[in-house]
Amino acid sequence: MNQNSFYGVCKCCGAEIKDENQKINLVKCNSCDLVFCRKIYTEKDFERVYNELYNATNPKYSKHSVEEFNNLKKQIVNIGYNRKILLSKIIKKHKQKFLEIGSGIGLVGVYLKSFKNIIYEGIEIDKATHEKALELEVNSINGDFSKMNENHETVDIIMLWEVLEHIQDLKLFFELAKNKLAPKGKLVFSVPNYNKRLNYNIIERDDKIYQSGPPVHLNFFEEKSIKKVLDFNGFKTNEIKIKKIPYLDLRNKKFFNFLFKALIGKYHGSTIYVIAELK
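Values in this document were obtained by computation on a predicted structure and should not be read as measured data. Throughout, a residue's number is its position along its own chain's written sequence, starting from 1. Only residues with pLDDT of at least 70 get local features here, since the model is predicted, and only at 80 or more are side-chain atom pairs given and counted; chain-wide, interface and lining totals rely on the full set of residues. Heavy atoms throughout the structure, all of them, feed into the side-chain values; hydrogens and water do not.

S.K.: Just checking my understanding: could you explain the pattern of salt bridges for this structure?
M.R.: Here the idea is simple: oppositely charged side chains can pair when their charged atoms come close. The term salt bridge refers to a side-chain nitrogen of Lys or Arg lying within 4 Å of a carboxyl oxygen of Asp or Glu. Applying the stated criterion across every chain, the model contains 14 salt bridges. For the salt bridge of Asp231 with Lys279, the shortest nitrogen-to-oxygen distance reads 2.6 Å. Here Lys279 lies in the segment after strand S11 (271-278) and Asp231 lies in helix H8 (residues 223-232), a separation of 48 residues in the sequence. Classification of Asp231 as partly exposed rests on a relative accessible area of 44%. Each of the salt bridges in this network shares a partner with another, and the network as a whole consists of Lys184, Lys186, Lys236 and Glu277. Secondary structure is summarised from DSSP: a helix means a run of H or I of at least four residues, a strand means a run of E of at least two, and numbering begins at the N terminus for each. Under the scheme applied here, a residue whose accessible area is under 20% of the maximum for its type counts as buried, over 50% as exposed, and between as partly exposed, the area being computed with a 1.4 Å probe on protein chains only.

S.K.: So what exactly am I meant to see when it comes to unusual backbone geometry here?
M.R.: Glycine aside, a negative phi is what most residues show, and trans is what most peptide bonds show. Residue Pro215 is reached from Pro214 by a cis peptide bond, and omega for that bond is 5 degrees. Within the fold, Pro215 resides in the loop between helix H7 (202-205) and strand S9 (219-220). One non-glycine residue with positive phi stands out, namely Glu162, at about 55 degrees. For Glu162, a relative accessible area of 31% gives the class partly exposed. The backbone of Lys184 shows a phi angle near 70 degrees, a positive value even though the residue is not glycine. Take Lys184: it is sitting in strand S8 (residues 181-192). Residue Lys184 is classed as exposed on the basis of its relative accessible area, which comes to 55%.

S.K.: What exactly am I supposed to notice about the sheet that holds S8 here?
M.R.: Across a sheet, paired strands are connected by hydrogen bonds in the backbone, their directions being either parallel or antiparallel. A pair of strands is considered paired only if DSSP assigns at least 2 bridges between the two. Read from one edge to the other, the open sheet built from 7 strands follows the order S6-S5-S4-S7-S8-S11-S10, with strand pairing classed as mixed. Of all the strands in the sheet, just strand S6 (140-142) and strand S10 (235-242) have a single pairing partner and so form its edges. Strand after strand, the sheet turns through a mean of 20 degrees between neighbouring axes, direction not considered. Of the strand pairs in this sheet, S8 and S11 are connected by 7 bridges, and their pairing is antiparallel. Residue pairing across strands places Pro192 opposite Thr271, the latter belonging to S11. We call two residues in contact when some of their heavy atoms are within 4.5 Å. Here an angle of 0 to 180 degrees is reported between the N-to-C directions of two axes, which are lines fitted to C-alpha atoms, with helices fitted over the stretch in contact. Strands S8, S10 and S11 of the sheet are contacted by H8, whose axis makes an angle of about 160 degrees with S10.

This is the structure we're talking about:
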């Protein structure tokens, strides 16, 4: 594929697509409702973008990564309330194998160390980040999601926390995930909620999506599209939970407006959490 390649049909189900956001080249599937970037990026494109994101000169990402790494070295492990609740629903007393795609420096891996019945492995695309995970004695390998196909051992759980939106070849990911999961295996993930843009009025919103655009985020999910995409790719949805209240941010003038909307049930939460199972 070259830099001028574009999807002509839905990348997930092959149905017809229509323009969704011409400013950043997003299209929407007429069948499964998936919103995604029409342009097909090359490996060199991704290499350049992610080098910039993970580079120490990027204050937003480097500051967070350094703070998290230092906390983990001190055994301060905070995976967040919603992830903890989701994991509590799938962790069983018997032995389980967990695979995390986009495992970062090993935050979830460190958390799961306290469960003696869990065998954990993470896959992280950025080499420097992967090496930090190894420093924390997390079972991590360096590579993209296709690394899960390098051995024939099955796992019980595949996790992706804010990762599915980055994957260009969704169809390949689901094919590999189905092959990797044991019977009744589960796919557990979180993604940004595309509908959070609806918290803003149409004038201030315009073409803004209130999350990273291409080539960082390539897929944009809402509750109905997640269910359809999973169903088409051989998974049944067990649970979908949308974060109910906004993150505390007193510096944001919109915070109290969002909080009021949440109280009256009209707030579109920022994150969607999902448990799905092989059909």
